[in-house]
Amino acid sequence: MNKQKIITNQIWGIGFIAYNLLLYTLFIASACNKPKKARPIGTQPKSANGNKGVVLPISTASSQAATAPSRPTVTPAQPIATPAQPIAIPAQPIATPAQPIATPAQPERYFERKGDLFFIMERVVSGCNSGFWYNFLEKIKSAFKVSDIKQKYKHSQNSFEIFKNNFYLMDMDKDELWIAYAAIVEPSSNLNYDDIEMVMTVSTANGLPFSSHWGIFRSPLFQMNINQKLQKQPHKNISVSLHAFAARTILQLHADKIYMINAPALEMRDILIKALPDTAIAIGDNLLKEACEEELRNGKLSQEKIPLLDMMQKIPYRIKKEGKSGDGDIILLDPQGIEIKRIDNKEDKNKWFPEIMGTPYIAIDLKALARAG
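Residues numbered from 1 in each chain as written. Predicted model: local features only at pLDDT ≥ 70, side-chain atom pairs only at ≥ 80, totals over all residues. Heavy atoms only, no water.

Q: Run through the overall build of the protein, naming residues and quoting values.
A: When helices and strands are counted, the protein shows twelve helices and eleven strands. In the protein, which comprises 373 residues, the proportion classed as buried is 37%. Counted over contacts in the protein with a minimum sequence separation of 6, partners at least 24 positions apart contribute 66%. Accessible surface, the protein: about 24200 Å² in total, of which carbon and sulfur atoms supply 57%. (Helix = DSSP H or I, 4+ residues; strand = E, 2+ residues; numbered from the N terminus. Buried < 20%, exposed > 50% of the residue type's maximum accessible area, 1.4 Å probe, protein only. Contact = heavy atoms within 4.5 Å. Areas by Shrake-Rupley, 256 points an atom, 1.4 Å probe, with all protein chains shown as cover.)

Q: I'd like a description of helix α9 (residues 286-297), backed by residues and values.
A: In this model α9 runs 17 Å from its N-terminal to its C-terminal C-alpha over twelve residues, within 8% of the 16 Å that 1.5 Å per residue would give. Regarding α9, its N-cap is aspartate 285, as a side-chain oxygen of that residue lies 2.9 Å from the backbone nitrogen of leucine 287 further along. Remark: glycine 299 follows α9 within two positions and exhibits a positive phi of approximately 70°. (Expected span 1.5 Å × (residues − 1). Polar contact = N/O pair within 3.5 Å; in protein donor to acceptor, adjacent residues only side chain to side chain.)

Q: Please set out the pattern of salt bridges residue by residue, giving values where relevant.
A: As enumerated under the stated definition, the model contains 13 salt bridges in all. Aspartate 175 is paired through a salt bridge with lysine 351; the nearest N and O atoms lie 2.7 Å apart. Of this pair, aspartate 175 sits in the loop between α5 (154-169) and β3 (176-183) while lysine 351 is found in helix α11 (residues 346-352), placing the two residues 176 residues apart along the sequence. With a relative accessible area of 3%, aspartate 175 lands in the buried category. Counted as one network, the salt bridges with shared partners bring together Glu322, Asp329, Glu339 and Arg342. (Salt bridge = Lys/Arg side-chain N within 4 Å of Asp/Glu carboxyl O.)

Q: Tell me about the sheet that holds strand β4 (residues 196-204), residues and numbers included.
A: On the basis of which strands lie adjacent, the open sheet formed by eight strands has the order β1-β2-β3-β4-β5-β6-β11-β7 and mixed pairing. In the strand order of this sheet, the two ends are held by β1 (109-114) and β7 (281-283), each with one partner. On average, each strand axis in the sheet is inclined to that of its neighbour by 20°, with strand direction left out of account. Sitting on the sheet, α5 is in contact with β3, β4 and β5 (210-218), with an inclination near 140° to β5. (Pairing = 2+ DSSP bridges. Axes fitted to C-alpha atoms, helices over the stretch in contact; angles between N-to-C directions.)

Q: Explain the nonpolar core to me, and be specific about the residues and the numbers.
A: Residues Phe136, Tyr181, Ile261 and Phe353 are the most contacted members of the largest nonpolar core, which totals 43 residues. Among the secondary structure elements, those contributing two or more residues to this core are β2 (117-123), α3 (130-143), α5, β3, β4, β5, β6 (259-262) and β9 (330-333). Inspection of this core shows a minimum of three residues originating in each of domain 1 (109-257) and domain 2 (319-355). Ignoring anything within four residues of it in the chain, the contact list for phenylalanine 136 reads Tyr193, Ile196, Val199, Phe217, Ser219 and Leu221. (Core = buried A, V, L, I, M, F, W, Y, C linked by side-chain atoms within 4.5 Å. Domains from an automatic or database assignment.)

Q: Can you lay out the sheet that holds strand β8 (residues 319-321) for me, pointing to particular residues and giving the numbers?
A: Two modes of strand pairing occur in sheets, parallel and antiparallel, and in both the strands are linked by backbone hydrogen bonds. An order of β8-β9-β10 is seen for the three strands of this open sheet, with the pairing classed as antiparallel. The sheet is open, and its two edges are formed by β8 and β10 (339-343), each paired on a single side. Across the sheet, the mean angle separating the axes of adjacent strands is 25° when strand polarity is ignored. Bridge count between β8 and β9: three bridges; the pairing is antiparallel.

Q: I'd like a description of unusual backbone geometry, backed by residues and values.
A: Here asparagine 237, not a glycine, exhibits a phi torsion of approximately 55°, which is positive. For asparagine 237, the position within the fold is in the loop between α6 (220-229) and α7 (239-253). In this structure asparagine 237 comes out as exposed when scored by relative accessible area, which is 73%.

Q: Lay out the side chain of serine 239 with the relevant residues and their values.
A: Examined against the element boundaries, serine 239 turns out to sit in helix α7. When near neighbours in sequence (up to four residues on either side) are disregarded, serine 239 contacts Met198, Ile216, Met268 and Ile271.

Q: Would you mind going over the environment of histidine 254 in detail, with residue names and values included?
A: Here histidine 254 shows up in the loop between α7 and β6. Contacts of histidine 254, omitting those with residues within four sequence positions, involve Glu176 and Thr204.

Q: Pulling in residues and values, what's your account of the packing of α3 against α5?
A: Close contact between α3 and α5 brings their axes to 11 Å; oriented N to C, the two are set at 155°. It follows from the interaxial angle that α3 and α5 lie roughly antiparallel. Considering how the two elements wind past one another, α3 and α5 form a crossing that is left-handed. For the pair α3 and α5, the contacting residues are Trp133, Tyr134, Leu137, Glu138, Ile140 and Lys141 in the first and Phe160, Phe163, Lys164, Phe167 and Tyr168 in the second. (Parallel < 35°, antiparallel > 145°, perpendicular 65-115°, else oblique. Left-handed = near helix turned anticlockwise from the far one by under 90°.)

Q: Before we move on, can you summarise the pairing of β6 with the specific residues and values?
A: Of the two faces of β6, the one lined by Tyr259 and Ile261 and the one lined by Met260 and Asn262 are each fully buried. Where β5 meets β6, two bridges bridge the pair, whose relative direction is parallel. Within β6, the position partnered with serine 211 by the bridge is methionine 260. The pairing of β6 with strand β11 (residues 362-365) spans four bridges and is antiparallel. Counted as the bridge partner of tyrosine 259 is aspartate 365 from β11.

These values are about where atoms sit, not about what they do.
Have a look at this one:
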């Protein structure tokens, strides 16, 4: 009994000691965790004699490092390394093969061959082949300045002036301007100026019942180089063939065209009269016929005009001019004398019916001309 009581007292003693140790531990822990008063940045703690710390300029802080109490160096926290992200590369366009440089389209061109000669009709297009023909005009102009050529090819020079005027009168964007020529080479982009033996302009427009052939002439450039090119004489009697070829080409393109109208020189008019049926060509206009008849009544009709009046009386005119001096409208008539076209615009009258040194106009049946050569 006494032994059991002694053991119980010992257990209570041990518990009491353990309890006191626990209280002491808690007291010490609370004392250690008591917060300290904050100190301004850049000040020193109180010295041993109780003076406050002094604020040091940044420039002198390093010189005082030996006396200042050391502080643990704090290194900034390093960012957590993340896997490197792939650099985005913009998509590159898919390479396309180089495109060919655009070249002007080839001009519209038609041709026929007759022996060793090629008859070609080429439409003049601004920015395409117009430069070639502008240069052709300049070269012909220069050739005619040579005195012996000027004398030898006088008729060609007169026709060239008509050719040049018609070339400049036409609006390449609005009208159809063609060059019909006879050449000694096949039609190609390598045509030389001295390959062209004979040439003329061919022009027409929408709404007109006719085409015009102007300024047919033999090129002096060809004549000067004929011996080097062919070693023989120029081709003869090719003017009607060139006119006929141009008529066939126009009918192929415009089946509604009825006439070829121009004012040829006397020599060319006689050549066409001989090559065509009597009923295929109508000469002059109403005013010219009236003037010739008046001169005949007064006995003043010249010998040159007698055959002209004779033809006008046989074949009715196709061109009628209004106004006493012909300054009114120009009217085109069919073979029965019915009006088929009236031209009342001054610009169009000057373009399609310019005054050619008093030479009378002629209207030729286009289909008959196409069969002539």
